[in-house]
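Each chain, letter by letter, is given below.
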Amino acid sequence: MRSGGSERDDAVLWDIACPERPSRVPGVTMAGFADRGLTPPGLRLIPHPAVTLVLVFGGTMAAEYATRPLQGSFLTGIGFGEAVRRLRAEGFEALQVRLSPLVAHAVVGPAAADLDGTAVALDDVWGREAARLSEQLGERSSWQERFAWFEGRLADRCAAASRVDAEIAWAWRRIVAARGSIRIEYLAAELGWSRKRLWSRFRSQIGLPPKRAAKLVRFDHAVHRIVAGRDAAGVAADLGYTDQSHLHRDVAAFTSLTPATVADEPFLAVDHIAWGWP
């Protein structure tokens, strides 16, 4: 297991483990989190362009969505924004799985697109299987074993499930490749579709309208650059925002924070890096 930030080891909230190799299931990233007794109440989760699955198999983790409590393992829709307003965690161990909306459709089912930025208890989606998965994760002795085992479960689900339409998968990949800086009418024109048809099909299979999906992808790139130390004005220019105030509005819309303060939030996010400092 490695820490979430070597230069801040005394301050990191969690021990964080990452798989030793990329997932063989495209569109999946995983990380293991173990509480160090420093997790504050009221922890904020930062939106991410993926469906997020959190499997808790030790200790306590409780979240709140729209005043409704969520105890234990839960699932958040793509770009959940302020959906998860408070998180309480004590002595927990949990596996976090980020699912591209393309693979989420196969892993979670069509319900993944119905989450619409909300959070739900995992047993509301998978029933008793959610508890069995958590129990079986806890029986494994190392994070690498847990990653490999759960990846096998994901591969089985993907093999047996339907995928999103090829045109919608293409549109999502174009948005990601453009880092969110793409006009939706151009996508519709390239597909030979009307904007209304693209909006309807994209929303029903991905879980967000294409314009908001593009805003979320660009926001994610912006936040990563701000966390890495880039100034907001330079980030805004690099990512095609109209100006710095445009970047501020998008960050506030997704987090209720400013670019200056969002970089200091503890992120439950893992891609090529992992961090967990206050």
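This structure is a prediction, so every number in the text was calculated from the model and none was measured.

Asks: Go over the nonpolar core with me, naming the residues and quoting the values.
Replies: Grouped together as the largest cluster of nonpolar side chains are 69 residues, with contacts concentrated most on Leu95, Val97, Leu99, Phe150, Leu198, Phe202 and Leu247. Here this core takes 8 residues from helix α9 (residues 210–227), the largest share from any one element. What Phe202 contacts, discounting residues up to four positions off in sequence, is Ile168, Ala171, Trp172, Ile175, Gly207, Leu208, Pro209, Pro210 and Ala213. Judged by nonpolar contacts, the second largest core, of 17 residues, contains Leu13, Trp14, Met61 and Ala121.

Asks: How would you summarise the pairing of strand β3 (residues 28–35) if you had to cite specific residues and measurements?
Replies: Among the 8 residues that make up β3, 7 are buried, leaving the element largely enclosed by the rest of the structure. Pairing geometry for strand β2 (residues 14–17) and β3, over 4 bridges, is antiparallel. The residue of β3 that forms the bridge with Trp14 is Asp35.

Asks: If you had to explain α9 to someone new, which residues and values would you point to?
Replies: In this model α9 runs 26 Å from its N-terminal to its C-terminal C-alpha over 18 residues, within 8% of the 26 Å that 1.5 Å per residue would give. Along α9, the positions that sit buried rather than exposed are Pro210, Ala213, Ala214, Leu216, Val217, Arg218, Phe219, Asp220, Ala222, Val223, His224 and Ile226. Elements in contact with the buried residues of α9: α6 (166–177), α7 (184–191), α8 (195–206), α10 (232–238), α11 (244–255) and α12 (259–262). Note on α9: the residue one or two positions beyond its end, Gly229, has a positive phi of about 105°.

Asks: Describe the packing of aromatic side chains, with residues and values.
Replies: Within the structure shown, the criterion is met by 4 aromatic pairs. When the ring of Trp149 is compared with that of Phe150, the centres are 6.3 Å apart and the planes differ by 45°; the resulting orientation is tilted. Take Trp149 and Phe150: they sit in the same class, and that class is buried. Relative to Phe254, the ring of Phe219 has its centre 4.8 Å away and its plane inclined at 35°; by these criteria the two rings are tilted. Of this pair, Phe219 sits in helix α9 while Phe254 is found in helix α11, placing the two residues 35 residues apart along the sequence. Like Phe219, the residue Phe254 is buried in the burial classification. By way of ring pairs, the aromatic residues Phe57, Trp143 and Phe147 are connected into one cluster. For Arg146, the ring lying beneath its charged end belongs to Trp143, and the centroid distance is 4.7 Å. Between Arg157 and the ring centre of Trp126, over which it is positioned, the NZ or CZ distance is 4.0 Å.

Reading guide: rules and limits
- Residues numbered from 1 in each chain as written.
- Predicted model: local features only at pLDDT ≥ 70, side-chain atom pairs only at ≥ 80, totals over all residues.
- Heavy atoms only, no water.
- Core = buried A, V, L, I, M, F, W, Y, C linked by side-chain atoms within 4.5 Å.
- Buried < 20%, exposed > 50% of the residue type's maximum accessible area, 1.4 Å probe, protein only.
- Helix = DSSP H or I, 4+ residues; strand = E, 2+ residues; numbered from the N terminus.
- Contact = heavy atoms within 4.5 Å.
- Pairing = 2+ DSSP bridges.
- Expected span 1.5 Å × (residues − 1).
- Phe/Tyr/Trp six-rings, centres within 6.5 Å; stacked < 30°, edge-to-face > 60°.
- Lys NZ or Arg CZ within 6 Å of the ring centre and 35° of its normal.

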